Amino acid sequence: MVEWTDFERATIKDIFSKIEYDVVGPATLARCLVVYPWTQRYFGKFGNLYNAAGIAENAMVSKHGITILHGLDRAVKNMDDIKNTYAELSVLHSEKLHVDPDNFKLLADCLTIVVAARFGNGFTGEVQAAFQKFMAVVVSSLGKQYH
């Protein structure tokens, strides 16, 4: 079980209360698909993913990016039991969708970059440390079921 400090809990809740999901979600997934083009293989039904502009303008990418962020809400609300919170989702992604668990880390890194850009100077080293700890727990919980 992960131990969270009061600062970490407050920071994570604060970040997610300020994130504009309809901006950050699409930007995060689009960045991941552009920077790590091999991740596009999981989104074959999304249409035009041929270049950065096509990815950024893709409505399905935007919608799924927003869905991903709303999925993180579950972890924010269940910080003491993230592993069980994501047990079903982990099985879905590993056994049905066959998503490489390393891709969750890549997505988390892209989210960190997008959040840092949005928060600017407010995304201090201490804030980043709390955010990355949270994301590491989420990534670990999603990848645990992978076979």
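Refer to the structure presented above.
Quick caveat, the model's predicted, so the values are computed rather than measured.

1. Description of the environment of Ala-108
With respect to the helices, strands and loops of the structure, Ala-108 is situated in helix 7 (residues 102–119). Sequence spacing of Ala-108 and Phe-131 is 23 residues, and the spatial spacing of their C-alpha atoms is 9.8 Å. What Ala-108 contacts, discounting residues up to four positions off in sequence, is Met-135 and Val-139.

2. Here we look at the packing of aromatic side chains
Here the structure, examined in full by the defined rule, presents 6 aromatic pairs. On the basis of an interplanar angle of 65 degrees and a centroid distance of 5.6 Å, the ring pair of Phe-16 and Phe-134 is categorised as edge-to-face. Placement of the pair is Phe-16 in helix 1 (residues 6–18) and Phe-134 in helix 8 (residues 125–143), with a sequence separation of 118 residues. For the pair Phe-16 and Phe-134, one class covers both residues: buried. Geometrically, the ring pair formed by Phe-123 and Phe-131 is edge-to-face, given 6.0 Å between the ring centres and 75 degrees between the ring planes. Accessibility classification places Phe-123 together with Phe-131 in one group, the buried group.

3. Considering the nonpolar core
Of all hydrophobic cores here, the largest spans 28 residues; its most connected members are Phe-16, Phe-131 and Phe-134. Only helix 1, helix 2 (21–35), helix 4 (59–77), helix 7 and helix 8 provide two or more residues apiece to this core. Broken down by element, this core gets its largest block of residues, 9 residues, from helix 8. Sequence-distant contacts of Phe-131, defined by excluding residues within four places in its chain, comprise Ile-12, Ile-15, Phe-16, Leu-111, Thr-112, Val-115 and Phe-123. Counting residues in each nonpolar core, the second largest holds 13 residues, with Cys-32, Leu-49, Val-61 and Leu-106 among its members.

4. Overview of the side chain of Asn-58
Along the chain, Asn-58 falls in the loop between helix 3 (52–56) and helix 4. Judged by its relative accessible area of 7%, Asn-58 is buried. Of note is the side chain of Asn-58, whose polar atom sits 3.0 Å from the backbone nitrogen of Val-61. Excluding anything up to four places from it in sequence, Asn-58 contacts Phe-46, Gly-47, Asn-48 and Leu-49.

5. Overview of the pattern of salt bridges
With the rule as written, the count across this model stands at 5 salt bridges. For Arg-9, the salt bridge identified is with Asp-80, shortest N-O distance 2.6 Å. Remark: Asp-80 occurs in the loop between helix 4 and helix 5 (82–85) and Arg-9 occurs in helix 1; sequence separation between them is 71 residues. The class for Arg-9 is partly exposed, based on a relative accessible area of 24%. Here Asp-14 makes a salt bridge to Lys-18, at a shortest N to O gap of 3.1 Å.

Cut-offs and rules
- Residues numbered from 1 in each chain as written.
- Predicted model: local features only at pLDDT ≥ 70, side-chain atom pairs only at ≥ 80, totals over all residues.
- Heavy atoms only, no water.
- Helix = DSSP H or I, 4+ residues; strand = E, 2+ residues; numbered from the N terminus.
- Contact = heavy atoms within 4.5 Å.
- Phe/Tyr/Trp six-rings, centres within 6.5 Å; stacked < 30°, edge-to-face > 60°.
- Buried < 20%, exposed > 50% of the residue type's maximum accessible area, 1.4 Å probe, protein only.
- Core = buried A, V, L, I, M, F, W, Y, C linked by side-chain atoms within 4.5 Å.
- Polar contact = N/O pair within 3.5 Å; in protein donor to acceptor, adjacent residues only side chain to side chain.
- Salt bridge = Lys/Arg side-chain N within 4 Å of Asp/Glu carboxyl O.

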